[in-house]
Amino acid sequence: MRRTTLAVAITTGLGLLSLSAMADENTKIGGKIFADMSHISKQTNGVDQTGTGTGVDVKRFYLTVDHDFADIWSANLTTDFTYSDATKLTDVYVKKAYLQAKFMPEAILRLGSADTPWIPYAESNGYTFRYVEKTLIDRTGFGTSADWGLHFFGKASDGMINYAVSAVNGAGYKNYTRSKTMDIEGRVGIQPIGGLNFAVGGYSGKLGKDTVANAATPYRTANRANAMASYTQPMYSVGAEWFKAKNWKIKESDLKDSADGYSVYGSVTPMDKITVFARFDKVNPNKDTNPALENKYYNLGAQYDARKNVKLALVYKHETTIGDTDTTTSTTKNFNSNEIGIFTEVKF
């Protein structure tokens, strides 16, 4: 498996280099890296857990090819290199692979694996420190940033109203599974003045679980509502995100369940190239079946814009989960994680 993964990585890299050599003004080659060097301490009920230690991680390595065929038609391929704790190997995925038809700014259509309506929008219009941490529902597993399906989006000519709707397989870009029905995700945003952004969104579907293999143990329909508000100026930014989900990955034979949570964040730029930022999340992942279960997360950091497309940040992260129950021993598990280190985002 290690040889297969390496072969895929080498083949992908050589292919992108070949495309780069042949690229003209209609083809763009690029990439993005999220990496860190940090110390992590993970404990459950005071006992050190796997993952505790000091080291270097490359959390994400995206390689992207964009090609314009004509005024309307274009295509995108984005590969995602990630490290898997389960296999202890670097896995290569196709995150985005789509054909796009841009009829006008108000009507753009994508077929394939592409950005979903909520998470990428929250990253680019609200919490902009993705290389430090995923946004709220991405971090807690109540959403995915890309999926296979049909995606429609656009914005009004004056730029005030934007919208997106997708019919997707529901299992995320790493899983091509077909199901009996497709899931629907949508978003509407409004930007009344420069820097001010409001958005609401929703999701409904089986999350790729409505399959023949699961016929004997069908899943409930999952639903999610989202809202966010942010205000960004050159010297500071503030924002908040909220979600509520019902029956997320819950079988019909199990009790109904719900979850909700929020995230608040902000940043200030006191001097040229230096930005100080902070964030706090609180999530109740099983409000009906285990109301005592609670997850809290926060980070504090200072970012330095080393040069164009290179960011460095000194960051401290803390996460706590209380009220979790070990089903084998019926004991309560309390989890704590602390991390401090240097995080970086590099674009090219």
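Residues numbered from 1 in each chain as written. Predicted model: local features only at pLDDT ≥ 70, side-chain atom pairs only at ≥ 80, totals over all residues. Heavy atoms only, no water.

Caption draft 1: Molecular detail of the layout of surface pockets. In this structure, the second largest pocket occupies an estimated 190 Å³ of space. Lining of the second largest pocket is provided by 14 residues; of these, Thr128, Thr232, Gln233, Ser237 and Ser267 occupy positions nearest its centre. Breaking the lining of the second largest pocket down by element, the ones donating at least two residues are β11 (222-233), β12 (236-246) and β13 (258-271). Residues of the lining of the second largest pocket, tallied by class, amount to four nonpolar, nine polar and one charged. (1 Å grid on protein atoms, 1.4 Å probe; cavity = no way out; pocket = protein on both sides within 12 Å on 5 of 7 lines; lining within 4 Å. Points joined across faces, edges and corners; volume = space filled by probe spheres on them. Helix = DSSP H or I, 4+ residues; strand = E, 2+ residues; numbered from the N terminus. Nonpolar A, V, L, I, M, F, W, Y, C, P; charged D, E, K, R; others polar.)

Caption draft 2: Local environment of empty space enclosed by the protein. Within the structure shown, the criterion is met by one cavity of 30 Å³ or more. Considered as a void within the structure, the largest cavity measures approximately 70 Å³ in volume. What lines the largest cavity is a set of 15 residues, among which Gly126, Tyr127, Phe129, Ser237 and Tyr265 lie closest to the centre. Elements with a minimum of two residues in the lining of the largest cavity: β11, β12, β13 and β14 (274-284). When its residues are assigned to classes, the lining of the largest cavity shows seven nonpolar, eight polar and no charged.

Caption draft 3: Just the pairing of strand β17 (residues 331-347), in detail. By the bridge criterion, 13 bridges tie strand β1 (residues 27-44) to β17 in an arrangement that is antiparallel. Paired with Thr44 across the bridge in β17 is Phe335. The sheet contact formed by strand β16 (residues 310-326) and β17 spans 15 bridges and is antiparallel. Counterpart to Thr325 in the pairing with β17 is Thr332. (Pairing = 2+ DSSP bridges.)

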